[in-house]
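# Coordinate inspection notes
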Amino acid sequence: IFLKAKDANLYRLAYKRLQFNPEVFFNLLQQQTKAPDGWQYLGISIGNPQGSNIILKVCNPYCGPCAQMHPVLKDLIKANEDIPIRIIFTTYQNDSDNGFFIVRHLMAIAEEGDASKTRQSLDDWYTAEKKEYDFFAAKYLTNGGLGRQDSKIEAMRKWCDDAEITHTPTIFVNGYK
């Protein structure tokens, strides 16, 4: 028992070196499921678009765990300017899906090209205590781009079906789940 206890610290340090080794992380990552092509052109992009390590977040606007993940990813891109984040929504393009209206609105805001407004609108939506679309829409007026988002929402939904997204948030790093 004493000999094993003496070796425990050695094994713990070796484990930590292995755990935080980027080569190990990326090798294990490449063994995971690969995202279907086309995600690069979907959703909302925040952060440095030329970054080398891309995070893809597949989420639902009314998902509690997605809301909890949002500030984590926000802090990540604030601390690492080399990381862009692409957000794809699992919403259906029809009026019976509650998420449809907010996703269409967020996409219209992003289409305007103001990165800070896009980030702020995402922050306001995901950090809100009570998610009320009418209040959000009154705060973030768009330039009439809501109707242009329907085909984009349909494309995101098709991609989510192809990627076999079963729960949100689903995170991909450099295209790997």
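Residues numbered from 1 in each chain as written. Predicted model: local features only at pLDDT ≥ 70, side-chain atom pairs only at ≥ 80, totals over all residues. Heavy atoms only, no water.

Glancing now at the packing of helix α4 (residues 98-111) against helix α5 (residues 115-127). Close contact between α4 and α5 brings their axes to 8 Å; oriented N to C, the two are set at 160°. In this view, α4 runs roughly antiparallel relative to α5, as classed from their interaxial angle. When the axes of α4 and α5 are compared, the crossing they make is right-handed. Here Ile102, Leu106, Ile109 and Ala110 of α4 come into contact with α5, specifically with Lys117, Thr118, Ser121, Leu122 and Trp125. Looking at the contact of α4 with α5 residue by residue, the classes come out as six nonpolar, two polar and one charged. (Axes fitted to C-alpha atoms, helices over the stretch in contact; angles between N-to-C directions. Helix = DSSP H or I, 4+ residues; strand = E, 2+ residues; numbered from the N terminus. Parallel < 35°, antiparallel > 145°, perpendicular 65-115°, else oblique. Left-handed = near helix turned anticlockwise from the far one by under 90°. Contact = heavy atoms within 4.5 Å. Nonpolar A, V, L, I, M, F, W, Y, C, P; charged D, E, K, R; others polar.)

Enumeration over the complete set of coordinates arrives at six aromatic pairs. Aromatic side chains Trp125 and Phe136 sit 5.6 Å apart centroid to centroid with 80° between the ring planes, which places their arrangement in the edge-to-face category. Here Trp125 is found in helix α5, whereas its partner Phe136 is found in helix α6 (residues 133-139), with eleven residues between them in sequence. Phe136 carries the same exposure label as Trp125, and that label is buried. By way of ring pairs, the aromatic residues Tyr62, Trp125, Phe136 and Tyr140 are connected into one cluster. (Phe/Tyr/Trp six-rings, centres within 6.5 Å; stacked < 30°, edge-to-face > 60°. Buried < 20%, exposed > 50% of the residue type's maximum accessible area, 1.4 Å probe, protein only.)

Core analysis: the biggest nonpolar cluster contains 39 residues, and Ile85, Ile88, Phe89, Leu122, Tyr126, Met156 and Trp159 have the highest contact counts within it. Of all elements in the fold, only β1 (44-47), β2 (55-59), α3 (64-79), β3 (84-89), α4, α5, α6 and α7 (150-162) reach the threshold of two or more residues within this core. It is α4 that provides the largest number of residues to this core, a total of six residues. Sequence-distant contacts of Phe89, defined by excluding residues within four places in its chain, comprise Ile44, Cys59, Pro61, Val103, Leu106, Leu122, Tyr126, Met156 and Cys160. (Core = buried A, V, L, I, M, F, W, Y, C linked by side-chain atoms within 4.5 Å.)

Here we come to the sheet that holds β2. Pairing is mixed across the open sheet formed by four strands, whose spatial order is β1-β3-β2-β4. Since the sheet does not close on itself, it has two edges, and those belong to β1 and β4 (170-173), each with one partner. Strand-to-strand twist of the sheet, defined as the mean angle between neighbouring strand axes without regard to direction, takes the value 20°. Sheet analysis places β2 next to β3, joined by five bridges and oriented parallel. Its bridge partner being in β3, Lys57 is matched across the sheet by Ile87. (Pairing = 2+ DSSP bridges.)

Estimates place the volume of the largest pocket at around 250 Å³. As for the largest pocket, its lining consists of 16 residues, of which Gly43, Ile44, Ser45, Ala110 and Glu111 are closest to the centre. For the lining of the largest pocket, the secondary structure elements donating two or more residues are β1, α4, α5 and α7. No other element matches the three residues that α4 contributes to the lining of the largest pocket. Partitioned by chemical class, the residues of the lining of the largest pocket number seven nonpolar, five polar and four charged. (1 Å grid on protein atoms, 1.4 Å probe; cavity = no way out; pocket = protein on both sides within 12 Å on 5 of 7 lines; lining within 4 Å. Points joined across faces, edges and corners; volume = space filled by probe spheres on them.)

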